[in-house]
Amino acid sequence: MLLFLNQFNIIKPNELKITIIDLASFQLTKKLNSSSNIILIFILPYSAELNAAERVWLYLKNQFCYKIFETIAQMQEEMHQIIRQLLTVERTK
């Protein structure tokens, strides 16, 4: 996370950036908020509904419920199709 924030800071360094992150233990280091132009807002513990990535995983999980694949390649292709569909839907909004 620290590497990401350092790289993020390089892009338009004079711009104020507000980043919302969860309370993963690896993110709870004092070194994280060392930049004056990046504000970190931590979401509440046990609030997966506020974390966009968690909502994507829930959607993917629901798409795969009760499906049986004969090969990993078939599962990967199904995952790729679902993700492509998600990206297409998001781009049209």
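Higher on the page you've got the structure.
The present account deals with the structure reproduced in this document.

Calculation notes
Residues numbered from 1 in each chain as written. Predicted model: local features only at pLDDT ≥ 70, side-chain atom pairs only at ≥ 80, totals over all residues. Heavy atoms only, no water. Helix = DSSP H or I, 4+ residues; strand = E, 2+ residues; numbered from the N terminus. Salt bridge = Lys/Arg side-chain N within 4 Å of Asp/Glu carboxyl O. Phe/Tyr/Trp six-rings, centres within 6.5 Å; stacked < 30°, edge-to-face > 60°. Contact = heavy atoms within 4.5 Å. Expected span 1.5 Å × (residues − 1). Buried < 20%, exposed > 50% of the residue type's maximum accessible area, 1.4 Å probe, protein only. Polar contact = N/O pair within 3.5 Å; in protein donor to acceptor, adjacent residues only side chain to side chain.

1. A few points about the overall build of the protein
Looking only at helices and strands, the protein has three helices and two strands in total. Along its sequence from the N terminus, the protein presents helices and strands in the succession α-β-β-α-α.

2. What to know about the pattern of salt bridges
One pass over the full model with this rule turns up two salt bridges. The partner of Lys67 in a salt bridge is Glu78, and the shortest N-O contact between them spans 2.7 Å. You can see Lys67 sitting in the loop between helix H2 (52-64) and helix H3 (72-92) and its partner Glu78 sitting in helix H3, a full 11 residues away along the chain. A salt bridge links Arg84 to Glu77; the shortest N-O distance between them is 3.1 Å.

3. Thoughts on the packing of aromatic side chains
Inspection of every chain in the model, using the stated rule, returns one aromatic pair. Note on Phe64 and Phe69: the rings are 5.5 Å apart at their centroids and 45° apart in plane angle, and the pair reads as tilted.

4. Let's talk about the environment of Leu60
For Leu60, the location among the structural elements is in helix H2. In this structure the C-alpha to C-alpha distance between Leu60 and Met79, which are 19 residues apart in sequence, comes to 7.8 Å. Setting aside anything within four residues of it in sequence, one finds Leu60 in contact with Met79, Ile82, Ile83 and Leu86.

5. Points about H2
Compared with an ideal rise of 1.5 Å per residue, which puts 13 residues at 18 Å, H2 spans 19 Å between its outermost C-alpha atoms and is within 8% of the ideal. Two residues or fewer after H2 comes Tyr66, characterised by a positive phi angle close to 65°.

6. Comments concerning the side chain of Thr19
Mapped onto the fold, Thr19 is located in strand E1 (residues 17-21). Excluding residues within four positions of it along the chain, Thr19 makes contact with Phe8, Ile38, Ile39, Leu40 and Ile41.

7. A look at the side chain of Asn37
Mapped onto the fold, Asn37 is located in the loop between E1 and strand E2 (38-42). Relative accessible area serves as the criterion here: at 10%, Asn37 is assigned to the buried category. Side chain to side chain, Asn37 and Asn9 meet in a polar contact 3.0 Å long.

8. Considering unusual backbone geometry
The phi dihedral of Lys12 falls on the positive side, at around 45°, and the residue is not glycine. Looking at the element boundaries, Lys12 is found in the loop between helix H1 (2-10) and E1. Overall, the relative accessible area of 55% leaves Lys12 in the exposed class. We note that Tyr66 has phi near 65°; this positive angle belongs to a residue other than glycine. Residue placement: Tyr66 occurs in the loop between H2 and H3.

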